[in-house]
Amino acid sequence: MNKNNIISSLALIGLFFFSSCNLDLAPEDTLSPQTYFKNGPQLELWTNHFYSLFPDVDDLARQNADDNISTELGETLMGQRSAASEDGWKWERLRDINYYLQHSNQCPDVSARKHYDGVAYFFRAYFYYDKVRRYGDVPWYDQVLNSSDDKLLAKARQDREVIMDSVMQDLDRAIAMLPVKKDLIRVTKWTALALKSRVALYEGTFRKYRGMSNSEKYLKQAVAAGEQFIDNSGYKLYASGTEPYRELFNSIDAVNDEVILTKKHSNTANVRHSIPFNIIIYRQSFTKRFMNHYLMVDGSRFNEQVGWETMTYVEETKNRDPRMAQTVLCPGYVQVGASKETANDLSALTGYRPIKYVNASPYDGSLKAITDYPLFRAAEVYLNFAEAKAELGTLTQADLDKSVNKIRDRVKMAHLNLSAANANPDNLLLQYYPNVTKSANTGVILEIRRERTIELALEGFRMWDIFRWKEGQQLTKVFEGCYFPNPGEYDMNGDGQADVLLYTTSKGSFKGASYKLGKDIILTNNSSGNIHALSNIAITWDENRDYLWPIPASERVLTGGVLTQNPGWTDTTNFD
């Protein structure tokens, strides 16, 4: 392991990273473990830095998979991951965390020490969860390494179960130590329970869908963490207003009824994001595959409606789950602060343009948006709980009623019925998830995946869900969009006026958005069919390789080959 990544300066971490904080610190030339870690403010100052482990919100919202795409698909879909890259293999923060845990006992304030130790255990668990998702087996370090620790620096990878069990232990410590009071910007007991449910579900299903041992151990932990959260946290789903789901995500200030932890943004603090800008500039789009997940408002399946495959945009968006119109630009959409409807002009690659996180137009520019971004929220924990129980085969109707059906209640959707779902699994979802467990619970597992797909859209989960379900081949499917039966003018919002023209030779005098077929827009049947977005790109997927990232070749050289390479990946070393 790279010593430059492991060894950092106490003065640099303790002073430079937090120089803007209004706290009294010892001068840099006297800063040392003997003079620091002496009180609660110093512990807080040090642990503040751990929050930088959370990913950039623009990256989370733009993570492409089979559900949404943009003009830049990213290294995973484009097959550009390489052992030459060290992105993702960074260990500085782990040393910061372990350094803190080694010295925090110098603080005589027991209450403060307990609190911030809990923060450290939370983030060590989060750090290793991310490493295991990416690389599988990795070395476990719970101590500070120095330049002379050559053997430890060249430590071999350990089985992922050893690592994940240690992650679970750290989360249990965090749950016991962190405060119970809600806090939108600081981790609490409830954040730790939410993370535990997320981590345990990931590991449990990852193992189950690969025939690995002890999947049930983790699924049971996901259930227990979810149940404890649901029964005791006091969080509930935000359901106020006429469009509660949309308002939850375009709110300037996070809704603390449901949001457990948020990435705070504001003009005052000069912290902004570019999600609405990226939607426009990268032509971000949902896929037809994603849109087909939405049920009808009465709970019936869209793919069981007569003529569903050839419905035009206005037709397919009628009477659907209300979350569709609160997530996707549908007929009737009016942007926050506007008085006029925004019609679909097909500027999105597939024609299905996201509106999630979009507030008023002044926030649409680059680094202009200040809507808070939820990192953890109650709805995810509900879904984690329900999925874990379904995969274990212990799910009951009462479990659904206190989890998935509460999510449906938010938008007044018909409830999910356990017996009905299992008696008649959705054939379309069986095509979308061919590797799903074939059991008496197949139907309800598929329905929970449906709920997860639409409820957590653009929140950074989809690619990882595909990974843990072992459904990577679904990423290679054609990116389809809106259906058009022939060239011509189309009313995209049902007001009787044409908004879009698809033409083959000349657009004539048409004043609206116009696209030449075969050039500006490709249809699956040339002059008719669904939009075939990014038709010049063919995604490939290697089932034996692509669920993990390659170990950086430079790190393998530094360890003399002790760090082994992941299956299927090659590098420039001669160790294999």
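Everything quoted here is computed from the prediction, not taken from an experiment. (Residues numbered from 1 in each chain as written. Predicted model: local features only at pLDDT ≥ 70, side-chain atom pairs only at ≥ 80, totals over all residues. Heavy atoms only, no water.)

## Some words on the packing of aromatic side chains
- For the structure on display, the rule yields 41 aromatic pairs.
- On the basis of an interplanar angle of 50 degrees and a centroid distance of 5.9 Å, the ring pair of Phe467 and Trp549 is categorised as tilted. Here the residue Phe467 occupies a position in helix 21 (residues 462-468), and Trp549 occupies one in the loop between strand 9 (529-533) and helix 22 (553-558), the gap between them amounting to 82 residues.
- Its relative accessible area of 0% is what places Phe467 among the buried residues.
- An aromatic cluster of three or more residues is present, and its members are Tyr36, Phe37, Trp46, Phe50, Tyr51, Phe54, Tyr99, Tyr100, Phe122, Phe123, Tyr126 and Phe376.
- Between the NZ or CZ atom of Arg133 and the centre of the ring of Trp464, over which it lies, the distance is 4.0 Å.
- Here the guanidinium or amino end of Lys155 rests over the ring plane of Tyr141, the centre of that ring lying 5.1 Å away. (Phe/Tyr/Trp six-rings, centres within 6.5 Å; stacked < 30°, edge-to-face > 60°. Helix = DSSP H or I, 4+ residues; strand = E, 2+ residues; numbered from the N terminus. Buried < 20%, exposed > 50% of the residue type's maximum accessible area, 1.4 Å probe, protein only. Lys NZ or Arg CZ within 6 Å of the ring centre and 35° of its normal.)

## Side note on the side chain of Arg289
- Along the chain, Arg289 turns up in helix 13 (residues 288-291).
- Excluding residues within four positions of it along the chain, Arg289 makes contact with Asp66, Tyr432, Gln474 and Lys477. (Contact = heavy atoms within 4.5 Å.)

## What about the sheet that holds strand 7 (residues 500-503)?
- The strand order across the open sheet formed by 3 strands is 6-7-8, and the pairing between neighbours is mixed. Where the open sheet ends on each side, the last strands, each with one partner, are strand 6 (488-490) and strand 8 (513-516). Each neighbouring strand pair of the sheet contributes to a mean axis angle of 20 degrees, computed without reference to strand direction. (Pairing = 2+ DSSP bridges. Axes fitted to C-alpha atoms, helices over the stretch in contact; angles between N-to-C directions.)

## Regarding helix 9 (residues 189-208)
- Look at helix 9: 28 Å from first C-alpha to last across 20 residues, which is about the 28 Å you get at 1.5 Å a residue.
- For helix 9, the buried fraction is high: 19 of the 20 residues fall into the buried class.
- You can read the cap of helix 9 off the contacts: a side-chain oxygen lies 3.2 Å from the backbone nitrogen of Trp190, and it is on Thr188. (Expected span 1.5 Å × (residues − 1). Polar contact = N/O pair within 3.5 Å; in protein donor to acceptor, adjacent residues only side chain to side chain.)

## Thoughts on unusual backbone geometry
- Notably, Leu346 is not glycine yet its phi reads approximately 60 degrees, a positive angle.
- Position of Leu346 relative to the elements: it lies in the loop between helix 14 (313-316) and strand 4 (373-377).
- We classify Leu346 as buried; its relative accessible area is 1%.
- With a phi close to 60 degrees, Leu458 is a non-glycine residue in the positive phi region.
- Counting through the fold element by element, Leu458 comes out in the loop between helix 20 (442-455) and helix 21.
- A residue is classified by how much of its surface remains accessible, and Leu458, at 4% relative accessible area, is buried.

## What about helix 20?
- Counted at 1.5 Å a residue, the expected span for helix 20 with its 14 residues is 20 Å, and the 20 Å between its end C-alpha atoms agrees.
- Among the 14 residues of helix 20, 14 are classified as buried, and the element is accordingly described as predominantly covered.

## Thoughts on the pattern of salt bridges
- Inspection of the entire model under this criterion finds 47 salt bridges.
- Among the salt bridges present, the one from Arg124 reaches Asp170, with a minimum N-O distance of 2.7 Å. Placement of Arg124 in helix 6 (residues 110-135) and of Asp170 in helix 8 (residues 160-177) is noted, with a sequence separation of 46 residues between them.
- Overall, Arg124 belongs to the buried group, its relative accessible area being 5%. (Salt bridge = Lys/Arg side-chain N within 4 Å of Asp/Glu carboxyl O.)

## A closer look at the domain arrangement of the protein
- Domain boundaries in the protein define domain 1 (47-62 + 89-232) and domain 2 (480-533).
- Summarising the inter-unit geometry, the C-alpha centres of domain 1 and domain 2 are found 50 Å apart. (Domains from an automatic or database assignment.)

## A few points about the nonpolar core
- In this structure, Phe122, Phe123, Tyr128 and Leu346 are the most contacted members of the largest nonpolar core, which totals 168 residues.
- The element that contributes the greatest number of residues to this core is helix 6, accounting for 14 residues.
- When residues of this core are assigned to domains, at least three map to each of domain 1 (47-62 + 89-232) and domain 2 (480-533).
- Sequence-distant contacts of Phe122, that is, excluding residues within four places in its chain, are made with Phe54, Leu171, Ala174, Leu178, Val187, Thr191, Ala192, Leu195 and Phe376. (Core = buried A, V, L, I, M, F, W, Y, C linked by side-chain atoms within 4.5 Å.)

## Overview of the packing of helix 6 against helix 9
- Running from N to C, helix 6 and helix 9 point in directions that differ by 20 degrees, and their axes come no closer than 11 Å. Overall, the two elements helix 6 and helix 9 adopt an arrangement that is roughly parallel. With respect to the hand of their crossing, helix 6 and helix 9 are arranged in left-handed fashion. Contacts from Phe122, Tyr126, Tyr129, Val132 and Arg133 in helix 6 reach Thr191, Ala192, Leu195, Arg198, Val199, Tyr202 and Glu203 in helix 9.
- Looking at side-chain class alone, the contact of helix 6 with helix 9 contains 8 nonpolar, 1 polar and 3 charged residues. (Parallel < 35°, antiparallel > 145°, perpendicular 65-115°, else oblique. Left-handed = near helix turned anticlockwise from the far one by under 90°. Nonpolar A, V, L, I, M, F, W, Y, C, P; charged D, E, K, R; others polar.)

## Some details on the packing of helix 8 against helix 10 (residues 215-232)
- At a minimum axis separation of 12 Å, helix 8 and helix 10 run at an interaxial angle of 20 degrees. When the axis of helix 8 is compared with that of helix 10, the two are roughly parallel. Taken as a pair, helix 8 and helix 10 cross one another with a handedness that is left-handed. Residues Glu161, Met164, Asp165 and Met168 of helix 8 pack against Lys217, Tyr218 and Gln221 of helix 10.
- Each residue belonging to the contact of helix 8 with helix 10 can be placed in one class, and the counts come to 3 nonpolar, 1 polar and 3 charged.

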